[in-house]
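Fold and contact review
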Amino acid sequence: MTLDGLETLLKQQFRGRKVNMVRFADDFIVTGISKELLEYQVKPVIEAFMAERGLMASPEKTNITNIADGFDFLGWNFRKYKGKLLQRPSKDNMAAVKSKICQIISSNKTAKQESLIRQLNPVIRGWANYHRHALAKETFFSLDRYS
């Protein structure tokens, strides 16, 4: 709720200047027509909005980049390549699911196969369902080879 109003503020301040915001809970991205616009005009407005509410943007998560270089958001990596928007599971998200799978396997070395499968299935299905609409074919194959 603390971020409620930020999107409206950005629309008012930057009307007609191709500044857009996408938000999910406390995570958000702001897109703009140029790096300079985002760095010198949009970022100070966001910082002031957050400061009024006692918040500060995370320096680790705050990044101004070109879409061609890509960015991570909500476990996805987005980037534009040859005019097409590509959406793939992020490397960090892949590492997290692999780590979780390894942890389940290593903590169940003496478990019966059925029990291990019962524990792994929700993790693998949940991850696969979350990423099923992305360009994840290669990612799914790499995860399959990993297992």
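The rules behind the values
Residues numbered from 1 in each chain as written. Predicted model: local features only at pLDDT ≥ 70, side-chain atom pairs only at ≥ 80, totals over all residues. Heavy atoms only, no water. Core = buried A, V, L, I, M, F, W, Y, C linked by side-chain atoms within 4.5 Å. Buried < 20%, exposed > 50% of the residue type's maximum accessible area, 1.4 Å probe, protein only. Helix = DSSP H or I, 4+ residues; strand = E, 2+ residues; numbered from the N terminus. Contact = heavy atoms within 4.5 Å. Pairing = 2+ DSSP bridges. Axes fitted to C-alpha atoms, helices over the stretch in contact; angles between N-to-C directions. Phe/Tyr/Trp six-rings, centres within 6.5 Å; stacked < 30°, edge-to-face > 60°. Lys NZ or Arg CZ within 6 Å of the ring centre and 35° of its normal.

**So, the nonpolar core**
- Ranked by size, the top nonpolar core spans 15 residues in total, and within it Leu6, Leu10, Phe14, Val19, Val30, Val42 and Ile46 carry the most contacts.
- When contributions to this core are tallied by element, the ones reaching two or more residues are helix H1 (6-13) and helix H2 (35-52).
- Those residues within four positions of Leu10 in sequence are excluded, and the remaining contacts are Met21, Val30, Val42, Val45 and Ile46.
- Grouped together as the second largest cluster of nonpolar side chains are 8 residues, Met94, Ile101, Leu116 and Leu120 included.

**Considering the environment of Phe24**
- Relative to the elements of secondary structure, Phe24 occurs in strand E1 (residues 20-24).
- Classification of Phe24 by relative accessible area gives exposed; the value is 54%.
- As for Phe24 and Phe73, which are separated by 49 residues in sequence, their C-alpha atoms are 9.7 Å apart.
- The contact partners of Phe24, leaving out residues within four places of it in the chain, are Phe73 and Leu74.

**Focus on the sheet that holds strand E5 (residues 84-89)**
- On the basis of which strands lie adjacent, the open sheet formed by 3 strands has the order E3-E4-E5 and antiparallel pairing. In the strand order of this sheet, the two ends are held by strand E3 (71-73) and E5, each with one partner. Taking the axes of each pair of neighbouring strands and ignoring which way they run, one obtains an average angle of 30 degrees across the sheet.
- Relative to strand E4 (residues 76-81), E3 is paired through 3 bridges, and the arrangement is antiparallel. Looking at the pairing, Phe71 lines up with Phe78 of E4.

**With respect to the packing of aromatic side chains**
- For the coordinates displayed, the defined rule picks out 2 aromatic pairs.
- Plain terms: the ring middles of Phe71 and Phe78 are 5.5 Å apart, the flat faces sit at 25 degrees to each other, and that makes the pair stacked. A single burial state applies to Phe71 and to Phe78, both of which are buried.
- Measuring from ring centre to ring centre gives 5.3 Å for Trp76 and Tyr130, while their planes differ by 35 degrees; the resulting arrangement is tilted. Of this pair, Trp76 sits in strand E4 while Tyr130 is found in helix H4 (residues 113-131), placing the two residues 54 residues apart along the sequence.
- Taking relative accessible area as the criterion, Tyr130 reaches 42% and is therefore assigned partly exposed.
- Note that Arg53 overlies the ring of Phe49, its terminal NZ or CZ placed 3.5 Å from the centroid.

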